[in-house]
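Inside the fold
Chain residues, written in single-letter form:
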Amino acid sequence: MKYGMELAVAALILVFAAVFLFQDAAIRASGEEAWGGADGAAADLIEASGYEPWAKPFWEPPSGEIESLLFALQAAIGAVIIGYIFGYWRASRKTA
């Protein structure tokens, strides 16, 4: 079979996607937040303890979408820098 490995990988991706979609639908039906992380739980615990922050950020993004955009931009810049370093490293190994 010429494309056996590709078919196995595609089937594995479909199985994982189905599991995640099913689990997401089950969580949403129960009324809980889907895929809530530890950050939210930790923030709730800290606020419940009565802690008040002593410093304020000098600028807050106007919306969550802008915050997500800035985070994605930061990740993309980091990926470009890391990719450049690995590419430079690999090219220098080929010439040596």
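Glancing now at the overall build of the chain. Helix and strand counts for the chain stand at three helices and zero strands. Taking all 96 residues of the chain together, 3% fall into the buried category.

With that settled, the discussion passes to a nonpolar patch on the surface. Where nonpolar side chains cluster on the molecular surface, the patch consists of F58, W59, I66, L69, L70, L73, I77, I81, Y84, I85 and Y88 and spans about 1,300 Å² of accessible area. Positionally, L69 belongs in helix 3 (residues 64-95).

Of all the 11 residues making up helix 2 (residues 38-48), zero are buried; the element is thus mostly uncovered. Two residues or fewer after helix 2 comes G50, characterised by a positive phi angle close to 95°.

With that settled, the discussion passes to the packing of aromatic side chains. Taken as a whole and assessed by the stated rule, the structure comprises two aromatic pairs. On the basis of an interplanar angle of 25° and a centroid distance of 6.3 Å, the ring pair of Y84 and Y88 is categorised as stacked. Within this pair, Y84 and its partner Y88 are both found in helix 3, separated by four residues, close to a single helical turn. Judged by its relative accessible area of 57%, Y88 is exposed. Ring geometry for F86 versus W89: centroids 6.4 Å apart, planes at 65°, classification edge-to-face. Separated by three residues within a single helix, F86 and W89 lie in helix 3, roughly one turn from each other. W89 sits in the partly exposed class, given a relative accessible area of 46%.

In this model, the chain carries a mean pLDDT of 86, and residues with pLDDT of at least 70 account for 85%. At the low end of the mean pLDDT range in the chain sits helix 2, at 81; at the high end sits helix 3, at 93.

Cut-offs used in this document
Note on numbering: residues in each chain are counted from 1, in written sequence order. Reporting in this predicted model follows two pLDDT cut-offs: at least 70 for local features of residues, and 80 or more for side-chain atom pairs to be given and counted; totals over whole chains, interfaces and linings ignore these cut-offs and use all residues. The basis for the side-chain values is all heavy atoms of the structure; hydrogens and waters are excluded. Helix and strand definitions here come from DSSP, where helices need a minimum of 4 consecutive H or I residues and strands a minimum of 2 consecutive E residues; each element is numbered from the N-terminal end. Type-normalised accessible area, obtained with a 1.4 Å probe on protein chains alone, sets the label of each residue: buried when under 20%, exposed when over 50%, and partly exposed for intermediate values. Only residues whose relative accessible area exceeds 30% and that take part in no salt bridge are eligible for patches, with like-charged residues grouped when within 9 Å of each other and nonpolar side chains (Val, Leu, Ile, Met, Phe, Trp, Tyr) grouped when within 5 Å. Accessible surface is estimated by sampling points in the Shrake-Rupley manner with a 1.4 Å probe; for residues, cover comes only from the protein chains shown. One side-chain nitrogen of Lys or Arg within 4 Å of one carboxyl oxygen of Asp or Glu is enough to make a salt bridge. When the centres of two rings from Phe, Tyr and Trp lie within 6.5 Å, Trp using its six-membered ring, the rings pair. Their planes under 30 degrees apart give stacked, over 60 give edge-to-face, and anything left gives tilted. Residue-level confidence of the predictor, termed pLDDT, takes values from 0 up to 100.

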